[in-house]
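Fold and geometry: a report
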Amino acid sequence: MFVYLKNATITSPFLRGFRGQKKNILIEDQFIKEVSDRDISLQEGTEIIDCEGLFVLPGIIDAHVHFRQPGAEYKADMLSESKAALVGGVTTVFDMPNNNPPIVSKNLLDEKLTLCKDNMLCNYALYLGLTNDNIEEAIKTDQDKVIGLKLFLGSSTGNMLVNKKESIVKLFKESPFIVTAHCEDEQRIKDNTLKYKELEDLPYNIHSLIRDEKVCYDSSAYAIELAKQYGTQFHLAHISTGKEVALLSNKKLEEKNISAEVSPNHLFFSQEDYLHFGNLMKCNPAIKTAEDKHILRQALKEGFIDIVATDHAPHLLEEKKQNYFQTPSGIPSIQFSLLMMLQIAKQENWDISLITEKMAENPAKRFNVKKRGSIKEGYFADLVFVRLGQKHRVEKKDLLSKCKWSLLEGYTFDNSVVMTMLNGKIVAKEGKVFADNCSSMQV
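Throughout this document, residue positions are counted from 1 along each chain, in the order its sequence is written. Local features are withheld for residues below a pLDDT of 70 in this predicted model, meaning they are given only at 70 or higher, and side-chain atom pairs are given and counted only at 80 or more; totals for whole chains, interfaces and linings count all residues. The basis for every side-chain value is the complete set of heavy atoms in the structure, and neither hydrogens nor water enter the calculation.

1. What about the overall build of the protein?
Of regular secondary structure, the protein possesses 13 helices and 17 strands. Atoms counted for the radius of gyration: C-alpha only. Globule rule: 2.2 Å times residue count to the power 0.38. Against the 2.2 N^0.38 benchmark of 22 Å for 443 residues, the protein shows a C-alpha radius of gyration of 21 Å, consistent with a compact globule. Here the protein holds 443 residues, and the buried ones make up 61% of them. Residue contacts are counted whenever heavy atoms from the two residues lie within 4.5 Å of one another. Pairs at least 24 apart in sequence give 74% of the contacts found in the protein among residues at least 6 apart. Per-residue and other accessible areas follow the Shrake-Rupley method at a 1.4 Å probe size, with only the shown protein chains counted as cover for residues. For the protein, the accessible surface area stands at approximately 17,500 Å², while carbon and sulfur atoms represent 47% of it. Charge counting follows a simple rule: Lys and Arg are positive, Asp and Glu are negative, and His as well as the terminal groups are ignored. Charge positions are represented by NZ for Lys, CZ for Arg, CG for Asp and CD for Glu. Computing the positive centroid from 56 side-chain charges and the negative centroid from 60, the protein places the two 1 Å apart. Secondary structure elements follow DSSP: runs of H or I of four or more residues count as helices, runs of E of two or more count as strands, with numbering from the N terminus. Note on exposure labels: buried denotes an accessible area under 20% of the residue type's maximum, exposed denotes more than 50%, and partly exposed covers the range between, all computed with a 1.4 Å probe on protein chains only.

2. Here's the deal with empty space enclosed by the protein
Space inside and on the surface of the protein is sampled on a 1 Å grid over the protein atoms alone, with a cavity defined as a set of points where a 1.4 Å probe fits but cannot get out and a pocket as an open set with protein on both sides within 12 Å along at least 5 of 7 lines; lining residues have an atom within 4 Å of a point. Grid points are joined across faces, edges and corners, and a volume is the space filled by probe spheres set on the points. Evaluated as defined, the whole model comprises 5 cavities of 30 Å³ or more. Reported here for the second largest cavity is a volume of approximately 80 Å³. For the second largest cavity, the lining is made up of 13 residues, of which Pro332, Gln335, Phe336, Ser401 and Trp405 are closest to its centre. All amino acids are sorted into three groups, where Ala, Val, Leu, Ile, Met, Phe, Trp, Tyr, Cys and Pro are nonpolar, Asp, Glu, Lys and Arg are charged, and the leftover types, Gly among them, are polar. Split by residue class, the lining of the second largest cavity holds 7 nonpolar, 5 polar and 1 charged.

3. Some details on the pattern of salt bridges
Take a side-chain nitrogen of Lys or Arg and a carboxyl oxygen of Asp or Glu: if they are within 4 Å of each other, that pair is a salt bridge. Per the counting criterion, the structure on display carries 25 salt bridges. The shortest N-O distance in the salt bridge between Glu28 and Lys33 comes to 3.6 Å. Across the pair Glu254 and Lys365 runs a salt bridge, and its minimum N-O distance is 2.8 Å. Taken together, the residues Glu254 in the loop between β11 (234–236) and β12 (258–262) and Lys365 in helix α13 (residues 352–366) connect sequence positions 111 residues apart. Several salt bridges converge on common partners, so that one network encompasses Glu136, Lys140, Lys170 and Glu174.

4. A closer look at the nonpolar core
As used in this record, nonpolar core signifies buried Ala, Val, Leu, Ile, Met, Phe, Trp, Tyr and Cys residues forming a set joined through side-chain atoms within 4.5 Å. Within the largest apolar cluster, 98 residues are counted, with the highest numbers of intra-cluster contacts made by Phe234 and Leu338. Among the nonpolar cores identified, the runner-up in size contains 20 residues, and Val35, Cys51, Leu383 and Met419 belong to it.

5. Some remarks on the packing of helix α10 (residues 290–302) against helix α12 (residues 337–348)
Only the stretch in contact is used when a helix axis is fitted, and all axes are lines through C-alpha atoms; the angle between N-to-C directions ranges over 0 to 180 degrees. Two numbers describe how α10 lies on α12: the axes approach to 12 Å, and their chain directions differ by 90°. One element, α10, and the other, α12, form an angle in the roughly perpendicular class. In this structure, α10 uses Arg297, Gln298 and Leu300 to contact α12, whose residues at the interface are Met341, Ile344, Gln347 and Glu348. Considered class by class, the residues forming the contact of α10 with α12 number 3 nonpolar, 2 polar and 2 charged. Angles are sorted into four bins: roughly parallel if under 35 degrees, roughly antiparallel if over 145, roughly perpendicular if 65 to 115, and oblique for all others.

6. So, the state of the cysteines
Put plainly, a disulfide is one covalent bond tying together the sulfur atoms of two cysteines. To count as a disulfide, a pair of cysteine sulfur atoms needs to be within 2.5 Å. Within the structure shown, the criterion is met by 0 disulfides. The thiol sulfur of Cys116 is not disulfide-bonded, and the nearest other cysteine sulfur, from Cys122, lies at 9.0 Å. The thiol of Cys283 is unpaired, and the distance to the nearest cysteine sulfur, on Cys216, comes to 10 Å. Using a relative accessible area of 7% as the deciding quantity, one classes Cys283 as buried.

7. Quick look at unusual backbone geometry
Residue Pro70 follows Gln69 across a cis peptide bond; omega there is 10°. Structurally, Pro70 can be placed in the loop between β6 (60–65) and α1 (78–87). With an omega dihedral of -5°, the bond running from Asn284 to Pro285 counts as a cis peptide bond. Tracing the chain through its elements places Pro285 in the loop between α9 (274–277) and α10. One non-glycine residue, Asn349, adopts positive backbone phi at about 60°.

8. Re the packing of helix α4 (residues 165–174) against helix α7 (residues 213–230)
Where α4 meets α7, the closest approach of the two axes is 9 Å, and the angle between their N-to-C directions is 45°. It follows from the interaxial angle that α4 and α7 lie oblique. Considering only the axes of α4 and α7, their crossing is right-handed. Touching Lys165, Ile168, Val169, Phe172 and Lys173 of α4 are Tyr222, Ala223, Leu226, Ala227 and Tyr230, all from α7. Taken together, the residues that form the contact of α4 with α7 break down as 8 nonpolar, no polar and 2 charged. Two helices crossing with the near one rotated counterclockwise from the far one by less than a right angle form a left-handed crossing, whereas a clockwise rotation gives a right-handed crossing.

9. A word on the environment of Tyr411
Looking at where Tyr411 falls in the secondary structure, it is placed in the loop between β14 (383–393) and β15 (412–422). For Tyr411, a relative accessible area of 27% translates into the label partly exposed. Once residues lying within four places of it in the same chain are set aside, the contact partners of Tyr411 are Phe268, Gln343, Gln347, His392, Arg393 and Val394.

10. Regarding α10
How far a helix is expected to stretch is found by multiplying one less than its residue total by 1.5 Å. Between its terminal C-alpha atoms α10 stretches 18 Å, which fits the 18 Å expected from 13 residues at 1.5 Å a residue. Along α10, the positions that sit buried rather than exposed are Asp292, Lys293, Leu296, Arg297, Ala299 and Leu300. An end-on view of α10 places all buried positions within 165° of arc, on one side of the element. In this structure, the buried residues of α10 make contact with β12, α8 (264–268), β13 (307–308), α12 and α13. Residue Gly303 follows α10 closely and has a positive phi angle near 90°. Note that the arc is computed from the directions linking the helix axis to the C-beta atoms.

11. Here we look at the packing of aromatic side chains
Only centres within 6.5 Å qualify two rings of Phe, Tyr or Trp (six-membered ring in Trp) as a pair; their planes then separate them into stacked at under 30 degrees, edge-to-face at over 60, and tilted for everything else. Summed over all chains, the structure comprises 10 aromatic pairs. Joined through ring pairs, the aromatic side chains of Phe268, Phe269, Phe277, Phe336, Tyr411 and Phe413 make up one cluster. Only Lys NZ and Arg CZ are tested; either one counts as a charge over a ring when it is within 6 Å of the ring centre and within 35 degrees of the ring normal. The residue whose ring lies beneath Lys197 is Phe325, and the NZ or CZ to ring-centre distance is 5.2 Å. Lys243 extends its terminal NZ or CZ atom over the ring of Tyr217, reaching a point 4.4 Å from the ring centre.

12. Some points on the side chain of Lys282
The topology assignment puts Lys282 in the loop between α9 and α10. Of the buried charged residues, Lys282 lacks a salt bridge, with Glu184 as the closest side chain of opposite charge at 11 Å. The contacts of Lys282, once residues within four sequence positions are left out, are His207, Lys320, Tyr324, Thr327, Pro328, Ser329, Gly330 and Ile331.

If you want it as structure tokens, here you go:
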């Protein structure tokens, strides 16, 4: 089967510095066969899609999601969340292991892989979770089955805290995988919680006070020092403070052992937004100050931060409306992550190639995802079609995540995601998913 994308405007890391360049793209079955400035000779029966006025970007690779299955299907599942992903231009996700039960053994990993095969509409990879007692088993896992190992140095949804020094050292010393860490200092979180629980009236920004800058910095500094000591391939998840940027390097990604990601939420919102959203905005690590947001944006542009990943984490609205200390942490965001980053790019006057680098090319490079993340001949045809200047207002009726709420309800983006292609087939268009066209793969 051939598909011909005519008059596509593309921006990609190999065209760095360009606002966009007209190309014609020929797709054969799952792969990009040819990318050309000129007309391409076509076989009879080729489907032609006129992309005049559209930017065609590589499909987004979201390296950090929580699709909640198994164990919490009442709030989200692989089917619902992969639909939200595809509508938003996300073609590949890396799902985290803090399920119920946590994915911390070979048997549980195999069971979840079977669930993915039966339920995921987008491409996927899985993390194996770590505990104080499973390090030996984890580092011997079949490398074809996991994208990396997930370490919780601070407690979060799923209660998978690893706090035995000997276990942590063994992991950093011996892991053949990338170790991705949630870095927060658990003891300081406990101390801060006890202090603020004594107050009758909680500050509006209570979450950013309990999980403060020092909570994040001390834990990140500890993990990065271990990674340097043992030469570990280490990835710092969802950086949230400007101070942590000083721990990172802006060398080329290929030259790094230590990389970092930031979520669109930490780049889009700041702690003043707690006044409006309250506990709906509660996530771990907490969204911090406007100054932190500014520094994180600059660090992303300058190469200190390598990847944008959502930490998509749905909870039901009634769960999020409990009092602060009972409210679970997590924000659903995968349906609008690309639009959020395009909005930030407009605010900061960034070239769109920076967005494709951080959301597609770099996740593929860092996690060794073959033939995805760029628009190149021989690569899988995972593509997202964007119309710049076509406004998109977020309405509740259009939300596809099972939890059915978003911080962005009522917000109007300046651009729209029009269509998504997965492995050579159009799988989403104008907010609708064509499940019969979806042939997801483990990457």
